[in-house]
Amino acid sequence: MKRNKSEWNKKRKKSQINKARQLRKTNATVSNKRYKNAKKKNRETIDGRYPRVEFIAPVIFSLTENTEETISFLNDIINEIKNKEYRKTIFIDSSKVEYVTTEALIYLIALMDNTKINKAMQYTYVGNLPQNESARNVYKESGFMSYVQSKMKMLPKPSNKMQIVQGLKNDPQVAKSFSMFVMEKLGKQRQQIAPLQSIFIELMSNVYHHAYNEDGIMERHWYMYAEVMDKCVRFVFVDTGMGIARTVRKKVTEKLAAAIGKNPKDGALLESAFKGEFRTQTGDEYRGNGLLRVKEKMNDPLFIKFDVISGRGRCTLKDRTTEEGVLVKSDYKSTIYGTVYTFDVA
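### Quick notes on the overall build of the protein
Line of reasoning, step 1. On a plain count of helices and strands, the protein comes out with 13 helices and 11 strands.
Line of reasoning, step 2. Burial analysis of the protein (346 residues in total) assigns 53% to the buried set.
Line of reasoning, step 3. Across the protein, every contact between residues at least 6 apart in sequence was considered, and the portion connecting residues at least 24 apart equals 70%.

As structure tokens, this is what we get:
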């Protein structure tokens, strides 16, 4: 897929930015039919032939800290991707971003690099970096820049981060390197980080074995990242398959419906997955209990928090003062494709 990034650092006119920002706010509430009409305000053509559409990233660009607005922004891009137009250019304006977390950048990478329609329609993605220095450094140091073309000089890899990597199948070498990172930064012994390495393999396996997303917008891949934060290491793992919430919803049985309701919200579905109350399409108990097995390993004192966002739901395992911890579920208005995991070890 051709992606010319020559305009990555080009400043946009203030009038264009204001129009795009107002459009993005409008898109979050209008119907699909009205969306198609509204987005024309932010549309221009290149050489009179190929369309060019612009999107403004939220000031707080974070799936974990500003979930609703960030999902809405990403879904606006997805809606534009679905509107098939040959050799379209999509401009991502990050200039106003003041705070960003890596899972949002990973998801943006997945949209640019892993969306099925991109390959057929030969879309081009261009953009710029935040003006805010702190936010700009997250783009540079996370490994995001290695997924785009840029004239910017590449910086040495930061010692307190494991930059973004991606894959499809189990990758024991990647799992080992991320585990060794924890040993180095937190002074852990090999036997202490064994549950962590098992979780990496489990999450990678879920991506490969869940063959559900034939109709999904993105091909199934996983992306992983880690960084030192205070006295812990935070991991981000993004699965671009169908997503846990949608997978569980397809498998809701009468017994499970009696426990969580006939039309459960996605937060409740994620909670049921944590508890191992369903089986996946493979019929394999190991695969069906994947998230349960992850939760069981999370009981190890190595872990202090585990968070999952999928569909319109979220489930967080916290309060590790007790062995089992506490599961807290929540729900959103907007839907995210795939599954986003974040977890901390200390």
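### With respect to unusual backbone geometry
Line of reasoning, step 1. For Gln122, which is not a glycine, the phi torsion comes out positive at approximately 55°.
Line of reasoning, step 2. Along the polypeptide, Gln122 turns up in the loop between α5 (116–121) and β6 (124–127).
Line of reasoning, step 3. On the basis of relative accessible area, Gln122 is assigned to the partly exposed category, the value being 39%.
Line of reasoning, step 4. Positive phi values are uncommon outside glycine, yet Asp230 reaches one of about 55°.
Line of reasoning, step 5. In this fold, Asp230 is placed in the loop between β8 (222–229) and β9 (232–239).

### Structural notes on helix α6 (residues 133–141)
Line of reasoning, step 1. Regarding α6, its N-cap is Asn132, as a side-chain oxygen of that residue lies 3.1 Å from the backbone nitrogen of Ser134 further along.
Line of reasoning, step 2. Looking at the residues trailing α6, positive phi occurs at Gly143, about 105°.

### As for the environment of Gln163
Line of reasoning, step 1. Structurally, Gln163 is set in strand β7 (residues 161–167).
Line of reasoning, step 2. For the pair Gln163 and Thr102, spaced 61 residues apart in the sequence, the C-alpha separation amounts to 9.9 Å.
Line of reasoning, step 3. Apart from residues lying up to four places away in sequence, Gln163 is in contact with Lys140, Glu141, Ser142, Gly143, Lys157, Pro158, Phe178, Met224 and Tyr225.
Line of reasoning, step 4. A distance of 3.1 Å separates a polar atom in the side chain of Gln163 from the backbone oxygen of Glu141.

### Looking at helix α4 (residues 102–113)
Line of reasoning, step 1. Over its 12 residues, α4 extends 16 Å from the first C-alpha to the last, a length consistent with the 16 Å expected when each residue adds 1.5 Å.
Line of reasoning, step 2. Burial analysis of α4 places 11 of its 12 residues in the buried class, which makes it a mostly covered element.
Line of reasoning, step 3. Considered for burial, the residues of α4 that qualify are Thr102, Glu103, Ala104, Leu105, Ile106, Tyr107, Leu108, Ile109, Ala110, Leu111 and Met112.

### Overview of the side chain of Ser205
Line of reasoning, step 1. Within the secondary structure, Ser205 is located in helix α8 (residues 194–209).
Line of reasoning, step 2. Of note is the side chain of Ser205, whose polar atom sits 2.8 Å from the side chain of Asn170.

### Describing the nonpolar core
Line of reasoning, step 1. Ranked by internal contacts, the top residues of the largest apolar core, which has 45 residues, are Phe61, Phe73, Ile77, Ile81, Tyr107, Tyr139 and Phe144.
Line of reasoning, step 2. No other element matches the nine residues that α4 contributes to this core.
Line of reasoning, step 3. Non-local contacts of Phe61, meaning those with residues more than four positions away in its chain, are made with Thr70, Phe73, Leu74, Val97, Tyr99, Val100, Thr101, Ala104, Leu105, Leu108 and Tyr139.
Line of reasoning, step 4. Grouped together as the second largest cluster of nonpolar side chains are 35 residues, Leu196, Leu270, Phe274 and Leu302 included.

### Focus: the sheet that holds β7
Line of reasoning, step 1. With antiparallel pairing, five strands are arranged side by side in an open sheet as β7-β8-β9-β11-β10. Across the chains shown, the open sheet's two edge strands, defined by having one partner strand only, are β7 and β10 (303–318). Here the strands of the sheet are splayed against their neighbours by 15° on average, with no regard to which way each runs.
Line of reasoning, step 2. Both β7 and β8 contribute to a ladder of five bridges, which runs antiparallel. Pairing of Val165 across the sheet is with Met224, part of β8.
Line of reasoning, step 3. Seen against the sheet, helix α7 (residues 172–186) touches β7, β8, β9 and β11 (326–345) and runs at an angle of roughly 5° to β8.

Thresholds, definitions, all that
Residues numbered from 1 in each chain as written. Predicted model: local features only at pLDDT ≥ 70, side-chain atom pairs only at ≥ 80, totals over all residues. Heavy atoms only, no water. Helix = DSSP H or I, 4+ residues; strand = E, 2+ residues; numbered from the N terminus. Buried < 20%, exposed > 50% of the residue type's maximum accessible area, 1.4 Å probe, protein only. Contact = heavy atoms within 4.5 Å. Polar contact = N/O pair within 3.5 Å; in protein donor to acceptor, adjacent residues only side chain to side chain. Expected span 1.5 Å × (residues − 1). Core = buried A, V, L, I, M, F, W, Y, C linked by side-chain atoms within 4.5 Å. Pairing = 2+ DSSP bridges. Axes fitted to C-alpha atoms, helices over the stretch in contact; angles between N-to-C directions.

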